[in-house]
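# Observations on the model geometry
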Amino acid sequence: MARINENYDKLAAGYLFPEIAKRTKAFLEKNPGVEVLRLGIGNTTEPLGPVVIDGLKKGVEKLSKVETYTGYGDEQGNAPLREAIAKMYEKRGVVLAADEVFVSDGAKPDSANIQSIFSHDSIIAVQDPAYPVYVDSNVIAGRTGKNESGTYNGLVYMECNEENSFFPKAPDQKVDLIYLCSPNNPTGAVATKEQLKEFVDYAIANKAVIIFDSAYSEFIADDSLPRSIFEIEGAKKCAIEINSFSKSAGFTGVRLGWSIVPKQLVIEGALEGKVNALWNRRQTTMFNGASNIVQDGGLAALSEQGLKENRQVIDYYMENARIIKDCLDNLKIKNYGGVNAPYIWMKVPTGLSSWDFFNKLLEECHVVGTPGSGFGPAGEGFFRLSAFGHRKNIEKAVASLKANLKLESD
Ligand code: PGU
């Protein structure tokens with residue numbers, strides 16, 4: 001008799017973003033014709049630049065001739081792309097071998113799947129709030145108990161709050177896997193080198209592994225802040241890094257990402273090279289490689305001209321962030337992030353929960369955002385606004401906030 005994986009029943013709610021889409025749809029059904037302004041999901045809106053489009057076209061063209069046609073490729077990604085990614089790290093002083101780079105169809109699948117190569121009884125630490133995938137993938141894998149009053153038994157929550165400027169200290173207990181995201185989704189906080197060093201030292205001392213999600217690394221404007229955990233001495237011994245073309249190159253719908261699994265990484269019972277080999281085994285068994293067309297697009301995105309094109313779009317989104325922050329400041333709403341990250345983390349007016357504020361913003365201003373509590377218990381009382389959007393929409397959203405948001409002081 002087939003039985004379901006009952007761990008799915010432990011999940012506290014539906015996945016956050018479809019839940020928001022569902023509530024927005026219900027609002028639109030009740031209020032037909034209303035224009036809803038979406039600052040919810042971090043979804044790119046601006047077209048790709050000509051060099052990247054050319055790369056994608058070349059990928060398509062190659063499929064039209066027998067001489068250049070390719071079918072299945074290497075599951076780990078095409079050699080030129082793996083090398084180009086390794087080269088990009090070299091510019092930051094990080095030397096990687098191409099076979100430490102695993103190309104994928106995005107950071108979401110990698111961040112969900114990476115846990116599968118670690119022991120079932122691993123103790124997991126997550127930033128709270130965090131991108132929900134880290135928690136949900138471990139719940140589904142059976143590494144937690146039930147969800148009781150908003151927290152899963154067995155998980156170690158590293159609270160990120162105003163007092164610690166939204167970046168935690170290393171845990172004061174022994175954990176095995178630590179998920180860190182910097183620049184952070186949802187708070188927009190970026191870890192300093194010193195803060196990451198503390199985690200690296202902790203991980204080496206405890207033979208723990210840091211899973212470092214740097215999907216927003218290209219949004220860092222401050223050059224003193226690390227874009228990769230491998231900029232920290234010793235990190236290759238204890239960290240895996242996950243990144244993506246989604247936000248830096250507008251590939252949210254195109255789909256391309258990568259993970260770095262250093263050969264030097266050592267953990268309990270596994271010598272150098274073993275974790276790299278396990279991820280290779282996992283990917284070759286369960287993944288058939290990223291699309292060949294898309295990998296050509298990715299290669300173009302990493303070319304000198306491609307990087308320039310990407311930079312323009314990143315700057316465009318960061319100008320959106322500035323516009324949103326400016327509006328919140330004018331409304332005297334406390335807000336964080338939005339300077340080295342495309343998310344603005346705002347404090348909800350007193351007395352309202354994050355979901356109450358979601359409803360208020362939708363009803364009064366027709367603006368969709370993301371309730372902080374959807375990212376973890378410490379997100380309660382906060383709200384995330386995304387700077388990904390077309391400028392006209394951002395301007396409309398900001399104008400609506402200014403004109404229609406009823407704050408207590410009004
Ligand atoms: N990692 C982080 C930290 C993210 O915020 C996101 C997207 C991803 C990975 C996904 O990267 P891909 O390479 O595109 O797979 N976060 C968005 C979209 C929501 C989602 O479910 O991925 C967000 O709004 O938080």
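Residues numbered from 1 in each chain as written. Predicted model: local features only at pLDDT ≥ 70, side-chain atom pairs only at ≥ 80, totals over all residues. Heavy atoms only, no water.

## Topic: the environment of Tyr8
Worth spelling out the cut-off: Helix and strand definitions follow DSSP, with helices as H or I runs of at least four residues and strands as E runs of at least two, each counted in order from the N terminus.
Positionally, Tyr8 belongs in the segment before helix 1 (16–30). Residues Tyr8 and Ser303 lie 295 residues apart in sequence; the distance between their C-alpha atoms is 42 Å.

## Description of the domain arrangement of the protein
Formally: For each domain, the first and last residues come from an automatic or database assignment. Put simply, buried area is how much 1.4 Å-probe accessible surface two parts lose in total, over both of them, once they are put together. Every case where a carboxyl oxygen of Asp or Glu lies within 4 Å of a side-chain nitrogen of Lys or Arg is listed as a salt bridge. Residues are sorted three ways: Asp, Glu, Lys and Arg are charged, Ala, Val, Leu, Ile, Met, Phe, Trp, Tyr, Cys and Pro are nonpolar, and all the rest, Gly among them, are polar.
According to the domain assignment, the protein contains domain 1 (6–47 + 306–404) and domain 2 (51–303). Of note, the centres of domain 1 and domain 2, computed from C-alpha atoms alone, are 25 Å apart. Summing the contributions of domain 1 and of domain 2, the shared interface buries around 3400 Å²; its carbon and sulfur component is 58%. Contact with domain 2 buries surface across domain 1, with Lys10, Tyr15 and Asn340 losing the most and accounting together for 19% of the total. Remark: the boundary between domain 1 and domain 2 carries three salt bridges. With its nearest N and O atoms 4.0 Å apart, the salt bridge here joins Glu162 to Lys334. When contributions to the side of domain 1 that touches domain 2 are tallied by element, the ones reaching two or more residues are helix 10 (304–330), strand 11 (335–337), strand 12 (343–347) and strand 15 (382–386). Here the side of domain 1 that touches domain 2 takes eight residues from helix 10, the largest share from any one element. The residue inventory of the side of domain 1 that touches domain 2, partitioned by class, reads 20 nonpolar, eleven polar and six charged.

## Remarks on the pairing of strand 9 (residues 239–244)
For a regular strand, the rule is simple: side chains alternate between the two faces of the sheet. Short version of the rule: Each residue's exposure class comes from its accessible area (1.4 Å probe, protein chains only) as a fraction of the maximum for that residue type: buried when under 20%, exposed when over 50%, partly exposed otherwise. Strand pairing follows a simple DSSP-based rule, namely that at least 2 bridges must link the two strands.
In terms of residue burial, strand 9 counts as a mostly covered element, since six of its six residues are buried. Side chains Ala239, Glu241 and Asn243 project from strand 9 onto one buried face, and the interleaved Ile240, Ile242 and Ser244 project onto a second face that is buried too. Bridge analysis of strand 8 (residues 209–213) against strand 9 gives four bridges, and the strand direction is parallel. Among the inter-strand pairings, Phe212 is bridged to a residue of strand 9, identified as Glu241. Across four bridges, strand 9 lies against strand 10 (residues 257–260) in antiparallel orientation. Across the sheet, residue Glu241 finds its bridge partner in strand 10, namely Ile260.

## Quick look at the pairing of strand 15
Extensive coverage of strand 15 is indicated by the burial of five of its five residues. Strand direction decides the pairing type here: strand 12 and strand 15, joined by five bridges, are antiparallel. Residue pairing in the sheet places Lys347 in a bridge with Phe382 of strand 15. Pairing geometry for strand 14 (residues 370–371) and strand 15, over two bridges, is antiparallel. For Thr370, the partnering residue across the bridge sits in strand 15 and is Arg384.

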